[in-house]
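# Examination of the molecular architecture
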Amino acid sequence: MERASLPPQIEPAELLWRDGIPESVRFGDLYFNRENGLEEARYVFLQHNQLPERFGRVQAGGHFVIAEAGFGTGLNFLATWQAWNEHKPDQASTLHFVSVERFPLTRKDLIHALTLWPELTPFAKELIENYPPLVRGVHRLILDEGRVRLTLYFGDILEAWEALEFRADAWFLDGFAPACNPQMWLDKTITQVRAHSKPGTTLATFTSVGRIKRALADAGFRVEKTRGFGRKRDMLAGLLPDEVGFDPAAGAKTVAVIGAGIAGCLLARNLADRGVEVTLVDSASQPGAAASGNRQGATYVKLGVEFNDQTELGLTSLLFSQRFYTPYRDRYWHPTGLLQLAWSPQEQDRQQRFLRRNAYPAEILYPVAREEASRLTGIQTQTGGIWFPGSGWLEPAKLCKALSEHALITPAFSSNVERLIPLNGKWRLTGSGGPEIIADRVVICAGHLSPELIPLKGEYRLKSIRGQVTHLTDKALQTPKAVICGARYLNPMDDGVAVTGATFDLRDTNPETTRESHEENMKALQDMLPGALDPESSLAELSGQVEGKVAFRCTTHDYQPVAGRLYGADGKELTDIYLLTGLGSKGLSYAPLLAEYVADQLTGQPACLPSRLVRRVESRRIHRSGMALS
Ligand code: SAM
């Protein structure tokens with residue numbers, strides 16, 4: 001296969017700048033009107049969808065969904081964001097903008113294109129800072145502190161509309177002219193537009209081609225030709241009549257989140273930011289006490305040699321987590337870069353196959369030879385590896401605490417939930433300690449204790465794996481400047497301590513640290529990075545009561561996370577109960593995106609995962625048949 005077609009990269013747009021206006025070389029058409037692109041966007045798309053007025057009518061704490069065909073330079077999006085800022089009903093409401101782009105602009109071209117609009121500068125700046133690397137798939141961007149959520153699908157339009165779950169209030173049909181961009185205007189695509197619309201949905205498009213007008217009318221839209229912008233004679237505006245029944249997924253008003261580890265805290269905060277009242281329950285007296293209580297944790301995923309759904313999930317999660325943690329930089333988030341060391345011949349071989357079969361942009365990862373690996377990490381390594389410049393390490397317990405502090409989050413710590421009981425369309429949590437908790441919906445994020453709480457006791461394929469970490473001091477260790485992962489991970493020194501680990505002990509329930517586990521960690525580290533540990537001092541350190549921590553990871557039979565509605569043995573979903581667990585040792589990378597996804601479900605907002613990844617994470621796959629109600 002030619003390198004240009006290797007996954008997961010996506011071909012960028014090729015632009016020609018004529019009089020400062022971008023034109024597509026591939027399609028031979030302009031991205032926007034030569035006279036005034038911003039005014040055109042406002043006239044065609046905002047005005048003909050009656051957006052400013054409709055924004056003002058959104059219910060407090062509600063949301064409005066716009067879907068666009070062709071993200072291009074993001075001009076329409078930025079003009080919409082600006083209008084939302086002026087007309088949105090309140091601070092807790094969310095604008096969702098779902099857009100697709102088959103040939104995304106490079107960051108450099110995006111910056112160039114957006115300098116044309118000085119009045120959009122603050123919005124453009126935030127978009128550019130969050131603009132994802134050019135890889136296929138879905139990128140959810142959280143902007144304006146969550147008031148604006150952009151779901152950007154890098155791929156073909158038909159594939160996007162088939163894969164994404166959302167219902168639009170308004171459409172911007174903005175491909176290039178149908179004559180030069182037929183793929184954008186297929187009848188099948190228009191059928192998808194209808195399928196993703198609510199009754200009362202409006203649409204606008206700059207084109208007035210008769211075939212498009214007829215296809216939209218055949219799909220059920222009432223379409224009118226109206227005056228176009230500037231020198232264009234006509235354009236189309238449409239409405240899907242209100243007569244079809246539609247039962248919008250009612251968003252939850254109150255949610256109980258069980259488990260205040262990284263998954264539970266991220267979810268609670270995400271929901272609270274969207275205006276939902278949350279009770280955050282944990283048997284411990286504070287958040288981040290169990291598996292998320294390590295002093296340090298790396299944001300790391302092992303990307304597969306094959307670019308399959310599992311790899312896409314890992315990559316999408318990693319990129320989302322890097323964007324998500326950016327505001328916490330230098331507090332709990334330390335993006336030092338991360339080296340995936342080719343620490344054994346097998347791993348070296350795997351990395352070579354991975355690099356041959358894939359083409360990742362260098363802003364995500366690139367191979368480094370031994371000298372470069374040593375320079376980047378500050379440790380003499382024996383081999384090279386793969387360098388992830390945007391990864392690093394977190395202080396998870398501190399992050400959990402910060403996330404859990406919000407006016408809409410009621411903590412219920414030291415509460416030991418034993419059972420979940422349905423009560424008049426709600427859930428009641430019973431157990432010992434803490435107040436009685438009743439909520440519309442409940443989410444189990446209780447790590448390895450999750451199986452005990454699931455009302456359908458039985459064969460969910462979840463298991464618990466003991467992991468012990470070791471705290472090394474600078475007496476025993478040459479300090480790395482970046483995270484190193486291999487047979488073990490090793491973090492940079494923080495406050496005189498660098499965390500290494502963890503052991504992987506199946507069927508071991510010992511909650512205490514053991515000397516054997518410390519020895520195992522040190523031995524593995526010694527083999528992996530002979531230059532880092534001083535064998536004599538580290539042995540001396542061992543004999544002098546080295547410190548560490550034991551935690552239990554929750555994982556599934558296929559070592560992939562679980563997120564979303566809980567399904568029973570018959571494949572039907574249980575009412576108002578959700579799971580977010582099975583994150584194994586990759587919680588810091590997976591949890592931000594999966595919490596976003598579960599929050600999307602709970603609030604009835606567009607999903608940030610395409611259907612192929614929804615299937616990868618759903619609980620249906622982890623239960624065996626034949627379960628009985630407890
Ligand atoms: N809305 C954009 C803006 O605000 O700058 C302008 C969109 S431009 C007129 C049309 C866009 O559709 C181009 O960026 C083009 O790459 C994209 N496009 C063309 N064919 C596509 C396809 N089959 N699937 C997805 N996007 C496509």
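In what follows, the structure referred to is the one given above.
Numbers given to residues run from 1 along each chain, matching the order in which its sequence is written. Reporting in this predicted model follows two pLDDT cut-offs: at least 70 for local features of residues, and 80 or more for side-chain atom pairs to be given and counted; totals over whole chains, interfaces and linings ignore these cut-offs and use all residues. Based on all heavy atoms of the structure, the side-chain values leave hydrogens and waters out of the count.

## Quick word on empty space enclosed by the protein
- In the cavity and pocket records, a cavity denotes points on a 1 Å grid over the protein atoms alone where a 1.4 Å probe fits but cannot get out, a pocket denotes an open set with protein on both sides within 12 Å along at least 5 of 7 lines, and lining residues are residues with an atom within 4 Å of a point. Grid points are joined across faces, edges and corners, and a volume is the space filled by probe spheres set on the points. Tallying each qualifying case throughout the model produces two cavities of 30 Å³ or more.
- Size it by volume and the largest cavity reaches roughly 80 Å³.
- Residue lining of the largest cavity: Ala69, Ile157, Trp161, Leu173, Gly175, Met184, Trp185, Thr189, Ile190 and Val193, and that is the complete set.
- The helix and strand labels rest on DSSP assignments: H or I over at least four residues marks a helix, E over at least two residues marks a strand, and numbering proceeds from the N terminus. Secondary structure elements with two or more residues in the lining of the largest cavity: helix 6 (157-163) and helix 7 (187-195).
- All residues other than Ala, Val, Leu, Ile, Met, Phe, Trp, Tyr, Cys, Pro, Asp, Glu, Lys and Arg, Gly among them, are scored as polar; the first ten of these are nonpolar and the last four charged. Split into classes, the residues belonging to the lining of the largest cavity amount to eight nonpolar, two polar and no charged.
- If you add up the space inside the second largest cavity, you get close to 30 Å³.
- Only helix 1 (37-46) and strand 11 (234-239) provide two or more residues apiece to the lining of the second largest cavity.
- Of the residues in the lining of the second largest cavity, the class split is four nonpolar, one polar and three charged.

## Considering the environment of aspartate 282
- Tracing the chain through its elements places aspartate 282 in the loop between strand 13 (277-281) and strand 14 (297-298).
- Partly exposed describes any residue whose relative accessible area lies between the buried limit of under 20% and the exposed limit of over 50%, with all areas from a 1.4 Å probe on protein chains only and scaled to the type maximum. With a relative accessible area of 17%, aspartate 282 lands in the buried category.
- C-alpha separation for the pair aspartate 282 and glycine 261, spaced 21 residues apart in sequence, amounts to 8.7 Å.
- Not counting chain neighbours up to four residues away, the residues in contact with aspartate 282 comprise Gly259, Ala260, Gly261, Ala412, Phe413, Ser414 and Ser415. The contact definition used throughout considers only heavy atoms, calling two residues in contact when any of these lie within 4.5 Å.

## Overview of the packing of helix 9 (residues 262-273) against helix 17 (residues 587-603)
- Axes, fitted as lines to C-alpha atoms, cover a helix only where it is in contact. Angles between the N-to-C directions of the axes lie from 0 to 180 degrees. Contact pair helix 9 / helix 17: the axes reach a minimum separation of 8 Å and the direction vectors enclose 40°. By the angle class used here, helix 9 and helix 17 are oblique. Read as a crossing pair, helix 9 and helix 17 show a hand that is right-handed. Along its contact with helix 9, which presents Ile262, Ala263, Leu266, Leu267, Asn270 and Leu271, the element helix 17 presents Gly587, Leu588, Ala591, Pro592, Ala595, Glu596, Val598, Ala599, Leu602 and Thr603.
- Of the residues contributing to the contact of helix 9 with helix 17, the split by class is 12 nonpolar, three polar and one charged. Throughout, the term roughly parallel applies to angles under 35 degrees, roughly antiparallel to angles over 145, roughly perpendicular to angles from 65 to 115, and oblique to all others. Crossing handedness: left-handed means the near helix sits turned counterclockwise from the far one by under a right angle, and right-handed means the same turn made clockwise.

## Thoughts on helix 12 (residues 370-377)
- Those residues of helix 12 that sit buried are Ala373, Ser374, Leu376 and Thr377. Each buried residue of helix 12 lies within a common arc of 165° when the element is viewed along its axis, so the set occupies one face. More than 90 degrees from the buried face of helix 12, the exposed residues found are Glu371 and Arg375.
- Turning to helix 12, the residues buried within the fold contact strand 16 (338-341), strand 17 (366-368), strand 18 (385-388) and strand 26 (483-485).
- Positive phi appears at glycine 378, one or two residues downstream of helix 12, with a value of about 75°. Read the arc as the range of directions from the helix axis to the C-beta atoms.

## Section: the sheet that holds strand 23 (residues 437-439)
- Only strands that DSSP links by at least two bridges are regarded as paired with each other. If you trace the three strands from one edge of the open sheet to the other, you get 21-22-23, paired in antiparallel fashion. Pairing within the sheet leaves two strands with one partner each, and these edge strands are strand 21 (416-423) and strand 23. Neighbouring strand axes in the sheet, compared pairwise and without regard to direction, differ in orientation by 25° on average.
- Pairing of strand 22 (residues 426-432) with strand 23, which is carried by three bridges, proceeds in the antiparallel orientation.

## Focus on the packing of aromatic side chains
- When two rings of Phe, Tyr or Trp (its six-membered ring) have centres within 6.5 Å they constitute a pair, described as stacked for plane angles under 30 degrees, edge-to-face for angles over 60, and tilted for the intermediate range. Using the criterion set out here, one finds 24 aromatic pairs in the structure.
- Ring centres of tyrosine 328 and tyrosine 332 lie 6.0 Å apart, and the angle between their planes is 35°; on these two criteria the pair is classed as tilted.
- In this structure tyrosine 328 comes out as buried when scored by relative accessible area, which is 15%.
- The aromatic ring of tyrosine 567 is capped on one face by arginine 620, whose charged end is 4.0 Å from the ring centroid. Think of it as a cone above the ring: NZ of Lys or CZ of Arg counts as a charge over the ring if it is within 6 Å of the ring centre and within 35 degrees of the ring normal.

## Re helix 10 (residues 309-325)
- The terminal C-alpha atoms of helix 10 lie 24 Å apart, and with 17 residues this matches the ideal 24 Å at 1.5 Å per residue to within 8%.
- Of all 17 residues in helix 10, 14 are buried; the element is thus mostly enclosed. Given the number of residues in a helix, its expected span is that number minus one, multiplied by 1.5 Å.

## What about the site of the ligand?
- The local shell around the ligand holds 22 residues, among which Gly70, Thr73, Glu101, Asp156 and Asp174 are the closest.
- By the criterion applied in these results, polar contacts are pairs of N or O atoms within 3.5 Å in which, for protein atoms, one can donate a hydrogen and the other can accept it, and in which residues neighboring in sequence qualify only through two side-chain atoms. Contacts to the ligand include glutamate 101, whose side-chain N or O atom sits 2.5 Å from an oxygen atom.
- With respect to the ligand, the side chain of aspartate 156 contributes an N or O atom lying 2.8 Å from a nitrogen atom.
- Areas reported as accessible are Shrake-Rupley estimates using a 1.4 Å probe. Residue values count occlusion only from the protein chains shown. Taking 600 Å² as the accessible area of the ligand by itself, protein coverage stands at 98%. A molecule or strand has a residue near it when one of that residue's heavy atoms lies within 4 Å.

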